[in-house]
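So the chains spell out like this:
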Amino acid sequence: MKEYSSPVNLLNLSIYKQNFLKYDKIFEKYGIKNTIFFARKANKCKSFVLAAKEAGFGVDTASLNEIKDCVAAGINPDKITVTAAVKTPELLEYVVAHQIPVILDNRDECELLHQILVRENKTLQVGFRLSGFWHDGEKLYSRFGFDVDEIVDFISTNVSESGRYKRFIYHGLHFHLNGYSMEQRINGLSQSLDVADGLAQFGLKTSFIDMGGGILMNYLSHSSEWDAFHKELKQSIQPGKEEITVHKDLLGMINVEGKLIGEPKVYPYFNETYQDKFVEKILIGEKDGVPLYSHLAERDIELRIEPGRSMLDQVGITIAQVAFRKRDSEGRLLVGLEMNRTQMFSSSADFLLDPIFLPLKPEEESPCEVYFVGAYCLEQEFLLKRKITLDQLPQIGDLVCFVNTAGYMMHFYESEAHLFDLAQNLIVEKNKMWEAIPDWKYWASHT
Ligand SMILES: Cc1ncc(COP(=O)(O)O)c(C=O)c1O
């Protein structure tokens, strides 16, 4: 804290590599050709790019700067995938110059790439993002990609010797589904195989199918924690019940005259089937009575995945220092931390992991219930909406450690409002002893 100030993010690259190995092993078990791309958007630290190169896996990039980092780290083009939602002319010129394959999302993107390829007199390997898969008799909504029912026609018409996009070298198919449904991914993969078969009739070989990210991870030890939380949250609206979230916040549920509508809009923090086991369930999912892994092998199609959050399971923590204690106007005990809400924030309505409290002077237990608040000038600047029970009253300078924050929590929404410095990101490594090296320094010393 003295050296880097509060808060700091600590990241452990060896756990990240272990997470990669879990996926690698499951593909090996089923003899599936594969490439694993870390979805860099889940954490901005450059050291993850270096570690991917070192361990031999790829990186999924969402912007020109992310692509440039891969090139600077010496990652081969076949281990970089470009799924950026907006591909500027500069980005496409760069990937053409470096011959980095790109995943195309829409017709305008195709047209822009086509113009660049004509101008540069080059070709480029491309994949097409698919969406609109059929699931339970309905089409899955997405704002991304080409419609699964129209793509065979589009590619076969345009990506051919006589087609407009003859400079595109068709390489494969891609999808990334919102949410975490295993069945939807089984359907997505299955329908992508149909597209591959359709294209094969036009002599177009699908080399890969990339099923994106959204691979579940697990944050909790027991399902009972998860169930108890939901039960208590729902019961907290009853008159006379104490709040368990600030102002009885329902985390996205709606209270209509005492009846709760919907479910909390939070990440599914407890899962029995997660990471490699989640992927395995998809692999053994069936299409026409045959497991998907056999379909892939039969057609010699490589399976790709782009895990972000789940590659960062147990990779990082965020530590902040206690600045003050006070009561709000309704008597809640607030503990102010030297950090702001954007430094530990995701699209989940609350981060449902209990922090670890690290008092400088542990004392005999005298529990207290607190809310952690941050440095932005908003009434809603509660770092966690949940009330947290601590063993003793925090003192100024005590530390609070938020666990498992590497996936999205650290950087996805971080901002510099009020001109606060961004948190330092430190790579922790055990050499002779534990060392903490700033991410930028780690990068600079390895590139
Ligand atoms: C195209 C694409 N791939 C991969 C990911 C990573 O998803 P996750 O972090 O859930 O694994 C995302 C996340 O938004 C994405 O948009």
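A brief look at the structure comes next. (Residues numbered from 1 in each chain as written. Predicted model: local features only at pLDDT ≥ 70, side-chain atom pairs only at ≥ 80, totals over all residues. Heavy atoms only, no water.)

## Remarks on the environment of Gln18
As for its placement among the helices and strands, Gln18 is situated in helix H1 (residues 13-29). In this structure the C-alpha to C-alpha distance between Gln18 and Leu312, which are 294 residues apart in sequence, comes to 9.9 Å. (Helix = DSSP H or I, 4+ residues; strand = E, 2+ residues; numbered from the N terminus.)

## So, the packing of helix H4 (residues 89-98) against helix H5 (residues 107-120)
Closest axis-to-axis distance for the H4/H5 pair is 10 Å, and the angle between their directions is 50 degrees. On the basis of the axis angle, H4 is oblique to H5. The way H4 lies across H5 gives a crossing that is right-handed. Touching Pro89, Leu92, Glu93 and Val96 of H4 are Glu109, Leu112, Leu113, Ile116, Leu117, Arg119 and Glu120, all from H5. (Axes fitted to C-alpha atoms, helices over the stretch in contact; angles between N-to-C directions. Parallel < 35°, antiparallel > 145°, perpendicular 65-115°, else oblique. Left-handed = near helix turned anticlockwise from the far one by under 90°. Contact = heavy atoms within 4.5 Å.)

## Details of the site of the ligand
By nearness alone, 13 residues border the ligand, and Gly214, Glu306, Gly308, Arg309 and Tyr408 come closest of all. Glu306 places a side-chain nitrogen or oxygen 2.6 Å from a nitrogen atom of the ligand. Against a free-state accessible area of 400 Å², the protein chains account for coverage of 86% of the ligand. Here the shell around the ligand is built from residues that sort into 3 nonpolar, 5 polar and 5 charged. (Near = heavy atom within 4 Å. Polar contact = N/O pair within 3.5 Å; in protein donor to acceptor, adjacent residues only side chain to side chain. Areas by Shrake-Rupley, 256 points an atom, 1.4 Å probe, with all protein chains shown as cover. Nonpolar A, V, L, I, M, F, W, Y, C, P; charged D, E, K, R; others polar.)

## Considerations on the packing of helix H6 (residues 151-158) against helix H7 (residues 182-200)
Relative to each other, H6 and H7 sit at 35 degrees, their axes nearing to 9 Å. Viewed along their axes, H6 and H7 form a crossing whose handedness is right-handed. Contact residues: Ile151, Val152, Ile155 and Ser156 in H6; Val195, Gly198 and Leu199 in H7. Residues belonging to the contact of H6 with H7 are distributed by class as follows: 5 nonpolar, 2 polar and no charged.

## Overview of helix H11 (residues 439-446)
Those residues of H11 that fall on the buried side of the exposure criterion are Asp439, Tyr442 and Trp443. Seen from one end, H11 has its buried residues packed into an arc of 100 degrees, which puts them on one side. Facing away from the buried side of H11 by over 90 degrees, the exposed positions are Trp440 and Ser445. Next to the buried residues of H11 lie H1, helix H2 (47-55), helix H3 (64-72), strand S23 (424-430) and strand S24 (434-438). (Buried < 20%, exposed > 50% of the residue type's maximum accessible area, 1.4 Å probe, protein only. Arc of directions from axis to C-beta.)

Scope: geometric values only; no functional claims are made or implied.
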